[in-house]
Structure formats: structure tokens, C-alpha cells
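Results of the structural survey
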Amino acid sequence: MQKRTLGNSGLQVSAIGLGCMGLNFAYGPALSRQDAIALIRGAVERGVTFFDTAEAYGPFTNEDIVGEALAPVRDQVVIATKFGFKDGETAKGQDSRPETIRAVADAALRRLKTDRIDLFYQHRVDTAVPMEDVAGTVKDLIAEGKVLHFGLSEAGAQSIRRAHAVQPVAALQSEYSLWWREPEGEILPLLEELGIGFVPFSPLGKGFLTGKVDANTTFAKDDFRNVVPRFTPEARQANQALVDALTAIAGAKKATPAQIALAWLLAQKPWIVPIPGTTKLNRLDENLAAANVVLSTQDLRQIQDALAAHPVEGARYPAHLAARVGR
């Protein structure tokens, strides 16, 4: 597995990480604990060194699974987790008060069975708490050795600048993929200016870019995609044209649409590290092989032409979730 460094932080990770949320949260039936641990350890065996979790995934249970899975190889991997929701529950809204951040860090350390959090993200910007207080609290945790690097998730440009002025931000985690390119406007140039790495979540469009989801697909009742406008049957039918175009490009490269989507992200900047999630080892193998797919200038132009010809339909979030982004 190739390695990449997140911005100027010196934090080196595998070129493709593993988003662990979907192992037991948000995407339908959870894997058994045993199977989830086996998948994470399978990723380690395949060279993955970057694992992403959060107290809100469960809440708490995902961190516990990740901690047990990685305990035998703790010094060989980078673990990222997050703070920022009341009682770890997204439905209760933001809470990034300094005392909460400290409590979350201590609880995460216990669940992750470790003495340090490699990368500690604010999950969403809390407009009730000055960003300087948030960054200052994480700076103190870094001084104490409980945290090694500071991150932000789905933060806007002003918040990123304010945080970075207090404690250098190692990485921003936000959605970015072939069907959500908004970060290209303001965020990517800012990250390059400040030397901040970028960690795209949902790099496969919440599964749509794999080509395995179509207008007839049904989701489990507890699958997050049921409330996403972009996943209505009508939107999926309209967006199929883009997947068909990617499938044709992939065929010429002897690759899959998912591999093209991930290779495209890797080709954008050397400090971008996507974290696709999966519950299946064969999909993990497919995703990781994307690091070996080299896209030529002509390939990238073909992909750009496909994007221009097939604009994506549907919002990526319902209104109440979109309101938490980019602040």
C-alpha cells in the first residue's frame, strides 16, 4: 500500500483508509462484532494504516469495536475519532464546550484501548462555542499527550482559518467525490494554502458510484440513505447516466467504477486520502486496488466530460443536516 502525508502535519497514512462507521451504524443491519473486527484486521493485513471512527457512531459502539480490532497492532496504525455532539447523539445537536471535549477524549481513549488519539476531529462546527476555545482545548490535549493531531469535519473556510491560527489543523474531513465537488471552489485552495490534508468521506457517493445501486434498489429501514434526496428512486434513475459513463471508462481501464472514482480522488492532490467504508472483504480488496489505477490526462478529460454531460440530481443532505455543514 502506498503512503501519503496529510498536509504539512507529518502524519503519514495509507493512501486509502477505512471509514468504519458503516460496520455497525447508519447503513442498515450491523455486522456482528466478530465480523466487524475481522474486516478491520483484514484491512490491516492488506496495508491499511488509517482508520476512522467517532463517538457518535452507535453512539460509542463503533469506537469500542475499532479499539478491540486494532489493539494488537496499535503502534502500526493511525486512529481518527471525533467529538462534538451532545451525549454522542447527532439528533441532540452540537456540543463542543471545552469540558465536553475533554470528557469525550478521555472516554474515547478508554474505548479505543489506547493512550493517545492520533487525529481528533470536531465532528461539526458548534456555533455556540468560539472556534478559538475548541482549538485551544485540543491544543491543551496535544500538550498533555492525549491527542497527537487536530482535525475538523465539514467546516467552512472561516472556521478553518480561525482554528488553524490557534492550533494547526492536520486534516479536514468532508464529503468529496465525483458526485459532490463543492470543496473544489473554496476549500481545496484554502487547504493547499495552509498545508492541511483532506480526507474525503463518502468517496463512492454513499455506494452509488459503485454501480451496484439503481432506481430499483431498496434500503433497510434504518439506512441513512432513505432520507437523502439524492437517493430517491427518481434521482437514482436520473443519476444512472453518470454511473453508466464511468462504467464505460472503467471497462477500458480494466477497472471497476468504484476504482475509477477513488483513483480520480487520488489524482486530484497528493495530500488527499479517501476513506471508503465497506462491510465486505471483496469490496475492500476492490477499493484498495484503486491505489494502483493510474489515470492519464486523457482519462481525466473523459471523466470531466462525463461529469459535464450528466449533472447530478438531488441534494446530498436533507435540510436539517445540510444546516450543520460549512459553518
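Everything that follows concerns the structure shown earlier in this document.
Summarised in this report is the structure supplied together with it. (Residues numbered from 1 in each chain as written. Predicted model: local features only at pLDDT ≥ 70, side-chain atom pairs only at ≥ 80, totals over all residues. Heavy atoms only, no water.)

Quick word on the overall build of the protein chain
Counting its secondary structure elements, the protein chain contains 11 helices and nine strands. For the C-alpha atoms alone, the extent of the protein chain along its principal axes is close to 50 × 40 × 40 Å. Split into buried and exposed, the 327 residues of the protein chain put 57% on the buried side. When the accessible area of the protein chain is evaluated, it comes to approximately 13,200 Å², of which 50% is carbon and sulfur surface. Each charge sign in the protein chain was given a centre, from 36 positive and 37 negative side chains, and these centres are 2 Å apart. (Helix = DSSP H or I, 4+ residues; strand = E, 2+ residues; numbered from the N terminus. Buried < 20%, exposed > 50% of the residue type's maximum accessible area, 1.4 Å probe, protein only. Areas by Shrake-Rupley, 256 points an atom, 1.4 Å probe, with all protein chains shown as cover. Lys, Arg positive; Asp, Glu negative; His and termini not counted. Charge placed at Lys NZ, Arg CZ, Asp CG, Glu CD.)

Side note on the pairing of strand S9 (residues 197-201)
Put simply, side chains in a regular strand alternate between the two faces of the sheet. Burial within S9 is extensive, with five of its five residues counted as buried. Residues Gly-197, Val-199 and Phe-201 of S9 are buried on one face, and the alternating residues Phe-198 and Pro-200, pointing to the opposite face, are buried as well. In this view, the connection linking strand S8 (residues 169-175) to its parallel neighbour S9 by way of helix H6 (residues 187-194) has right-handed handedness. (Right-handed = clockwise from strand over helix to strand, strands pointing away.)

Regarding the pattern of salt bridges
Summed over the entire model, instances satisfying the criterion amount to 25 salt bridges. For Lys-92, the salt bridge identified is with Asp-87, shortest N-O distance 2.9 Å. Taking the relative accessible area as the measure of exposure, Lys-92 reaches 41% and is therefore partly exposed. For the salt bridge of Lys-146 with Asp-106, the shortest nitrogen-to-oxygen distance reads 2.9 Å. In this pair, Lys-146 sits in the loop between helix H4 (131-143) and strand S7 (147-153) while Asp-106 sits in helix H3 (residues 98-111), placing the two residues 40 residues apart along the sequence. Bridged by salt links that share partners, the residues Arg-33, Asp-64, Glu-68 and Lys-113 form one connected network. (Salt bridge = Lys/Arg side-chain N within 4 Å of Asp/Glu carboxyl O.)

A few points about the packing of helix H8 (residues 257-268) against helix H9 (residues 281-289)
The N-to-C vectors of H8 and H9 enclose an angle of 40°; their axes lie 8 Å apart at closest approach. The angle between H8 and H9 places the two elements in the oblique class. Taken as a pair, H8 and H9 cross one another with a handedness that is right-handed. Taken together, the residues of H9 that come into contact with H8 (itself represented by Ala-258, Gln-259 and Leu-262) are Glu-286, Asn-287 and Ala-289. Among the residues forming the contact of H8 with H9, the class breakdown is three nonpolar, two polar and one charged. (Axes fitted to C-alpha atoms, helices over the stretch in contact; angles between N-to-C directions. Parallel < 35°, antiparallel > 145°, perpendicular 65-115°, else oblique. Left-handed = near helix turned anticlockwise from the far one by under 90°. Contact = heavy atoms within 4.5 Å. Nonpolar A, V, L, I, M, F, W, Y, C, P; charged D, E, K, R; others polar.)

Some words on unusual backbone geometry
In the segment running from Gly-58 into Pro-59, the intervening peptide bond is cis, with an omega of 0°. Secondary-structure assignment places Pro-59 in the loop between strand S4 (50-52) and helix H2 (61-70). At Glu-154, a residue that is not glycine, the phi angle is positive and equals roughly 55°. Note that Glu-154 resides in the loop between S7 and helix H5 (157-166).

Quick word on the layout of surface pockets
In this structure, the second largest pocket spans a volume of roughly 180 Å³. Lining the second largest pocket are 15 residues, with Ala-155, Glu-182, Pro-183, Ile-187 and Gly-326 sitting closest to its centre. Here the element with the most residues in the lining of the second largest pocket is S8; it accounts for three residues. Here the residues of the lining of the second largest pocket sort into seven nonpolar, three polar and five charged. (1 Å grid on protein atoms, 1.4 Å probe; cavity = no way out; pocket = protein on both sides within 12 Å on 5 of 7 lines; lining within 4 Å. Points joined across faces, edges and corners; volume = space filled by probe spheres on them.)

A look at the packing of aromatic side chains
Enumeration over the complete set of coordinates arrives at nine aromatic pairs. Measuring from ring centre to ring centre gives 4.8 Å for Phe-83 and Phe-120, while their planes differ by 55°; the resulting arrangement is tilted. Separated by 37 residues along the polypeptide, Phe-83 in strand S5 (residues 78-83) and Phe-120 in strand S6 (residues 117-122) bring together distant segments of the chain. No difference in accessibility class separates Phe-83 from Phe-120, as the two residues are buried. When the centroid spacing of 5.7 Å and the interplanar angle of 40° are considered together, the rings of Tyr-176 and Phe-198 count as tilted. Pair noted here: Tyr-176 is in the loop between S8 and H6 and Phe-198 is in strand S9, with a separation of 22 residues, a long-range link. Classification of Tyr-176 as buried rests on a relative accessible area of 0%. In this structure an aromatic cluster arises from ring pairing among Trp-179, Phe-208, Phe-219 and Phe-231. Geometry around Phe-231 places Arg-225 over its ring, the cationic atom sitting 5.9 Å from the centre. The side chain of Arg-230 reaches across the aromatic face of Trp-179, ending 4.9 Å from its centre. (Phe/Tyr/Trp six-rings, centres within 6.5 Å; stacked < 30°, edge-to-face > 60°. Lys NZ or Arg CZ within 6 Å of the ring centre and 35° of its normal.)

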